[in-house]
Amino acid sequence: MGLIKQLKHTLISLFCVILKRIPRKKSSGTLIVKLEVLGDFLIFLPFLEHYRQNNPREHITLLINHPANLPIAERYRAKGFINEIILLSNRRLSINPLYFLYISYRLYFRHFQKTLHPVYFRRNLGDLLVELTHAHERIGFSGFDHDRHHVPLPENIYTKIVTPPSYKYSEFEKNKLFLEIIFNK
């Protein structure tokens, strides 16, 4: 099993290198990668409102992977806090190489100026999606890898890292800190 996982990781890395060599148009808009379950997603929603207030003209795309979050995200799109929603299927992404290529292509050629990943317990999938956007600004938490028992993750795919002063911050406080650092206030 380890060899298959290593081969898959190598192929994904190679694909990322190839994508980065393809010329792109001028970048614009922001992608917010929020791959979390319903509770943390609900705590995150005020972040969307404040982000929109500070960026009223920006095209904001929200990437989610839990179908339970979709109806809530749709309401926020209807209210104008976000412009677009991308619902990702974790299962299809892990077993269907064509779906992975489709998502990779879709994220890379959207030409996002900024990608935000406000998730403290990062996973490899979220980091991979951030890397695939190849946005000029990629901001995320220093965080910890939930799958590897709190081992710090590599941060070289991000242009800016947000580090909370304490692990014991609540989810709301972490979102607030993330927002404050993005807007320098």
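K.L.:
For this particular structure, what's the right way to read the sheet that holds strand β6 (residues 137-141)?
P.N.:
Sheet strands pair via backbone hydrogen bonds, and the direction of the pair is either parallel or antiparallel. The parallel open sheet is built from 6 strands, whose spatial order is β3-β2-β1-β4-β6-β8. The open sheet has two edge strands, β3 (84-87) and β8 (160-162), and neither has a second partner. Each neighbouring strand pair of the sheet contributes to a mean axis angle of 15°, computed without reference to strand direction. Sheet analysis places strand β4 (residues 114-117) next to β6, joined by 4 bridges and oriented parallel. Within β6, the position partnered with T115 by the bridge is R138. Most of the contacts of helix α6 (residues 124-133) go to β4, to which it runs at about 175°, and overall it touches β1 (30-34), β2 (60-64), β4 and β6.

K.L.:
Where do I start with the packing of helix α5 (residues 97-108) against α6 in this structure?
P.N.:
The packing of two helices is summarised by the inter-axis angle and the distance between the axes. Axis separation between α5 and α6 bottoms out at 7 Å; the angle between their running directions is 50°. The orientation of α5 relative to α6 falls into the category oblique. Pair α5 / α6 crosses with right-handed handedness. Mapping the contact onto sequence places F100, I103, S104, L107 and Y108 in α5 and L128, L129, L132 and T133 in α6. Considered class by class, the residues forming the contact of α5 with α6 number 7 nonpolar, 2 polar and no charged.

K.L.:
Is there a simple way to explain helix α2 (residues 38-54) in this structure?
P.N.:
The α-helix winds at 3.6 residues per turn, so residues separated by three or four positions along the chain end up facing the same way. For α2, built from 17 residues, the straight-helix expectation of 24 Å at 1.5 Å per residue is met to within 8% by its first-to-last C-alpha distance of 25 Å. When the local axis directions of α2 are compared, the greatest deviation, roughly 30°, occurs at F44, which is followed within four positions by the proline P46. Of the positions making up α2, those classed as buried are F41, F44, L45, F47, L48, Y51 and R52. In the core, the buried residues of α2 are packed alongside β1, β2, α3 (70-78), β4 and α7 (171-183).

Thresholds, definitions, all that
Residues numbered from 1 in each chain as written. Predicted model: local features only at pLDDT ≥ 70, side-chain atom pairs only at ≥ 80, totals over all residues. Heavy atoms only, no water. Pairing = 2+ DSSP bridges. Helix = DSSP H or I, 4+ residues; strand = E, 2+ residues; numbered from the N terminus. Axes fitted to C-alpha atoms, helices over the stretch in contact; angles between N-to-C directions. Contact = heavy atoms within 4.5 Å. Parallel < 35°, antiparallel > 145°, perpendicular 65-115°, else oblique. Left-handed = near helix turned anticlockwise from the far one by under 90°. Nonpolar A, V, L, I, M, F, W, Y, C, P; charged D, E, K, R; others polar. Expected span 1.5 Å × (residues − 1). Bend = angle between axes of the 7 residues up to and from the residue. Buried < 20%, exposed > 50% of the residue type's maximum accessible area, 1.4 Å probe, protein only.

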